[in-house]
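This is what each chain is made of:
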Amino acid sequence: MPSTRSAAVAGSFYPAGASALREELARCFEAARPTAPDPSGRSPKLLVVPHAGTRYSGPIAASAYATLSAAARRGGVRRVVLLGPAHRVPVRGLAAPTVGAFATPLGAIPIDQAALAGLDNLPQVERNDLAHEWEHSLELQLPFLQQVLGGGFALVPLVVGDAQPAEVAEVLERLWGGDETLVLISSDLSHYLPYAAAQARDDATVARLLALDATLAPDDACGAHALNGALRAARTHGLRPRLLDLRNSGDTAGDRRRVVGYAALAFDAPAPATADEEHLGDEADSPADDPAGQRALGAAAFTIAHNAIADALGELRIAEVAHPGLDRPGASFVSLHTRDGELRGCIGRLEAEDPLREQIHANARAAAFRDSRFAPLAVHEWPGLRIEVSLLGPLGLVAVRNEAEALAAVRPGIDGLVLSWRGRRATFLPQVWQQLPAPAAFLAALKHKAGLRTDFWADELLLERFEVHHYEGIAWTSA
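Since the model is a prediction, treat every value here as computed from it, not as a measurement. (Residues numbered from 1 in each chain as written. Predicted model: local features only at pLDDT ≥ 70, side-chain atom pairs only at ≥ 80, totals over all residues. Heavy atoms only, no water.)

Draft legend 1. View of the sheet that holds strand β15 (residues 386–392). The strand order across the open sheet formed by four strands is β14-β13-β15-β20, and the pairing between neighbours is antiparallel. Strands with a single pairing partner mark the edges of an open sheet, and in this sheet they are β14 (343–349) and β20 (468–474). Across this sheet, the average inter-strand angle for adjacent strands is 15 degrees, counted without regard to direction. In terms of strand pairing, strand β13 (residues 331–337) meets β15 through seven bridges, oriented antiparallel. Bridge pairing in β15 links F333 to S390. Docked against the sheet, helix α13 (residues 356–369) engages β13, β14 and β15, running at close to 30 degrees with respect to β13. (Pairing = 2+ DSSP bridges. Helix = DSSP H or I, 4+ residues; strand = E, 2+ residues; numbered from the N terminus. Axes fitted to C-alpha atoms, helices over the stretch in contact; angles between N-to-C directions. Contact = heavy atoms within 4.5 Å.)

Dropping the structure here:
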């Protein structure tokens with residue numbers, strides 16, 4: 001074998017010329033969705049990035065690379081541990097190269113030979129240049145790394161084949177290092193499903209990634225074996241995941257009949273706790289205070305609602321996601337909408353008395369089959385059905401003396417409202433503000449729903465508010 005692995009997919013997955021490639025990378029970063037930096041100001045320890053051609057997944061990958069801090073780009077990251085799935089050559093365990101460098105049109109990247117030598121006594125690691133020769137899952141990341149880090153880093157490239165999570169995690173533990181080491185996992189998500197089905201499948205997979213669920217299957221993500229090991233390592237080291245972007249080839253390249261899913265995620269190392277934070281206990285991990293935790297809980301809740309209805313209709317289930325928040329008391333609503341956006345059912349409870357899992361299951365069944373405004377949901381309505389789960393925060397009194405004060409106090413787009421008067425009660429979720437953006441119209445419709453005149457007001461009328469975290473997805477079908 002030559003001493004340098006040459007670029008294998010330049011000219012097909014990305015431009016073959018250095019100038020054209022830099023222009024293409026610049027376009028990817030311009031099209032990347034902006035992401036908030038980690039509050040600690042540090043770079044992520046671990047990134048999950050897709051590996052399709054730059055036309056398809058480039059902007060999603062760029063959103064991950066954009067999270068690297070200025071310090072990391074100025075030489076703070078000196079080693080990149082890169083894992084990706086084997087697409088062309090069967091591999092048992094993990095395959096390391098023997099060559100001294102990997103090349104792209106932007107130049108050669110040296111291999112960290114000392115790091116690879118430290119893996120030679122592991123039975124799951126073999127030296128196998130053939131596994132690397134045509135493998136695109138690793139190569140697609142190299143131009144992005146060269147663009148953001150320049151030439152001051154070494155590479156530890158590993159092709160992951162049939163490997164157990166513990167085997168991958170053991171390798172990562174040896175390579176973990178400190179802030180100088182970036183761990184990169186290359187993986188796409190679902191493959192060749194129709195657009196809506198891919199969205200549902202990928203939503204569920206991302207929820208499991210955010211929950212550090214290390215039981216992914218290759219049908220969920222082609223890099224499942226590498227991901228499962230990385231998720232184990234992330235849990236061991238207390239990394240906190242956050243979703244940066246989730247799209248598919250139907251969003252970036254146009255054809256929605258058979259799409260491939262792409263996600264970018266960052267896993268941040270925990271910042272050193274301050275004296276005050278050490279006394280916060282479990283409250284610091286509350287989903288309400290953590291956007292990643294919110295999405296993880298919401299996506300896990302969606303899988304419960306989806307399967308509650310799918311089971312009743314005899315339709316296909318999606319993988320349910322474990323999340324500790326599902327076992328705690330909580331209040332929720334489940335809303336159903338047709339593919340045309342029309343309401344098809346909405347049932348919920350304001351009281352957080354039962355475990356959230358049980359309440360979501362009951363609300364989903366009731367919204368589908370027992371909402372008195374609609375006929376029971378039929379099987380033919382399942383494809384394309386939009387399922388929305390709203391997780392409610394605590395109720396708080398809106399202390400007002402008259403309607404004018406109420407109109408001034410409510411927060412459009414934020415507040416869900418509960419109106420009560422002498423046994424009559426009505427609730428609007430915050431999503432209703434999308435149809436009724438004016439406070440006067442919102443409150444009038446709420447009173448009408450409670451069976452009151454739209455101009456009604458009384459001293460004993462009670463108005464309460466709550467906030468909502470909601471998550472939605474499309475009913476999964478193989479058709």
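We are not done yet, so read on.
Draft legend 2. Region of interest: the sheet that holds strand β16 (residues 396–397). With antiparallel pairing, four strands are arranged side by side in an open sheet as β16-β19-β17-β18. Across the chains shown, the open sheet's two edge strands, defined by having one partner strand only, are β16 and β18 (424–428). The pairing of strand β17 (residues 416–421) with β18 spans five bridges and is classified as antiparallel. Looking across to β18, one finds that L419 is bridged to A426. With respect to the sheet, helix α15 (residues 439–449) is in contact with β17, β18 and β19 (462–466), its orientation differing from that of β18 by roughly 135 degrees.

Draft legend 3. The pairing of β15, seen in detail. Within β15, six of the seven residues are buried, leaving the element largely enclosed by the surrounding structure. Of the pairings in the sheet, the one linking β15 to β20 comprises seven bridges and is antiparallel in character. The partner of R386 across the bridge, within β20, is I474. (Buried < 20%, exposed > 50% of the residue type's maximum accessible area, 1.4 Å probe, protein only.)

Draft legend 4. Here's a closer look at the packing of aromatic side chains. Taken as a whole and judged by the stated rule, the model has six aromatic pairs. Aromatic side chains Y65 and F144 sit 5.3 Å apart centroid to centroid with 5 degrees between the ring planes, which places their arrangement in the stacked category. Of this pair, Y65 sits in helix α2 (residues 54–65) while F144 sits in helix α7 (residues 142–149), and the two are 79 residues apart along the sequence. Summarising the aromatic geometry, the rings of W421 and F456 are spaced 4.7 Å apart at their centres and angled 65 degrees between planes, so their arrangement reads as edge-to-face. Residue W421 is found in strand β17, and its partner F456 is found in the loop between α15 and β19; the two are separated by 35 residues along the sequence. Using a relative accessible area of 12% as the deciding quantity, one classes F456 as buried. The rings of F29, Y65 and F144 are connected pair by pair, giving a single aromatic cluster. One Lys or Arg, R5, reaches over the ring of F102 and ends 5.3 Å from the middle of that ring. One cation-aromatic arrangement involves R256 over Y195; the distance from NZ or CZ to the ring centre is 3.9 Å. (Phe/Tyr/Trp six-rings, centres within 6.5 Å; stacked < 30°, edge-to-face > 60°. Lys NZ or Arg CZ within 6 Å of the ring centre and 35° of its normal.)

Draft legend 5. Focus on unusual backbone geometry. For Y192, which is not glycine, the phi dihedral falls at a positive 65 degrees. Relative to the helices and strands, Y192 resides in strand β10 (residues 191–193). In this model, L212 sits at a positive phi of 55 degrees, which is unusual for a non-glycine residue. Relative to the helices and strands, L212 is located in the loop between α9 (195–210) and α10 (224–236).

Draft legend 6. Quick look at helix α1 (residues 18–31). For α1, which comprises 14 residues, the first-to-last C-alpha distance of 20 Å matches the rise-based estimate of 20 Å (1.5 Å per residue) to within 8%. Within α1, the full set of buried residues consists of L21, E24, L25 and C28. For α1, the angular spread of the buried residues around the axis is 100 degrees, confining them to a single face. Exposed side chains of α1 directed beyond 90 degrees from the buried face belong to S19 and E30. Packed against the buried residues of α1 are α2 and α7. (Expected span 1.5 Å × (residues − 1). Arc of directions from axis to C-beta.)

Draft legend 7. Expanded view of the side chain of N248. In this structure, N248 sits in strand β11 (residues 240–248). Under the relative-accessibility criterion, N248 is labelled buried at 2%. Apart from the residues lying within four places of it in its own chain, the contact partners of N248 are Y195, A198, Q199, V259, V260, G261 and Y262.

Draft legend 8. Layout of the environment of L227. Following the sequence through the fold, L227 ends up in helix α10. Residue L227 is classed as buried on the basis of its relative accessible area, which comes to 2%. In this structure the C-alpha to C-alpha distance between L227 and E388, which are 161 residues apart in sequence, comes to 28 Å. Excluding its chain neighbours within four sequence positions, the residues that come into contact with L227 are V48, I185, S187, L209, L216 and A221.

Draft legend 9. Fine view of empty space enclosed by the protein. All told, the structure shown has one cavity of 30 Å³ or more when counted by the stated rule. In this structure, the largest cavity encloses a volume near 40 Å³. As for the largest cavity, its lining consists of P50, H51, A52, G53, T54, S57, G58, A61, L140, Q141 and F144. Considering each element in turn, the lining of the largest cavity owes the most residues, four residues, to α2. (1 Å grid on protein atoms, 1.4 Å probe; cavity = no way out; pocket = protein on both sides within 12 Å on 5 of 7 lines; lining within 4 Å. Points joined across faces, edges and corners; volume = space filled by probe spheres on them.)

Draft legend 10. Looking closely at the packing of α1 against α2. Their axes nearest at 7 Å, the elements α1 and α2 cross at an angle of 65 degrees. Between α1 and α2, the crossing angle belongs to the class labelled roughly perpendicular. Like other packed secondary-structure pairs, α1 and α2 cross with a definite hand, here right-handed. Only T54, R55, G58, P59, A62 and Y65 of α2 make contact with α1, whose side of the interface consists of E24, C28, F29 and A31. Of the residues assigned to the contact of α1 with α2, the class counts are six nonpolar, two polar and two charged. (Parallel < 35°, antiparallel > 145°, perpendicular 65-115°, else oblique. Left-handed = near helix turned anticlockwise from the far one by under 90°. Nonpolar A, V, L, I, M, F, W, Y, C, P; charged D, E, K, R; others polar.)

Draft legend 11. Region of the structure containing the pattern of salt bridges. Tallying each qualifying case throughout the model produces 27 salt bridges. When the shortest N-O distance is used, the salt bridge between R317 and D311 registers 2.5 Å. Among the residues examined, R317 registers a relative accessible area of 44% and is labelled partly exposed. Given a relative accessible area of 38%, D311 falls into the partly exposed group. Notably, a salt bridge pairs E472 with R386, separated by 3.0 Å at the nearest N-O pair. Taken together, the residues span a long stretch of sequence, with E472 in strand β20 and R386 in strand β15 at a distance of 86 residues. Taking the relative accessible area as the measure of exposure, R386 reaches 21% and is therefore partly exposed. When salt bridges with common partners are traced through the structure, they connect R411, D415, R465 and E467 into a single cluster. (Salt bridge = Lys/Arg side-chain N within 4 Å of Asp/Glu carboxyl O.)

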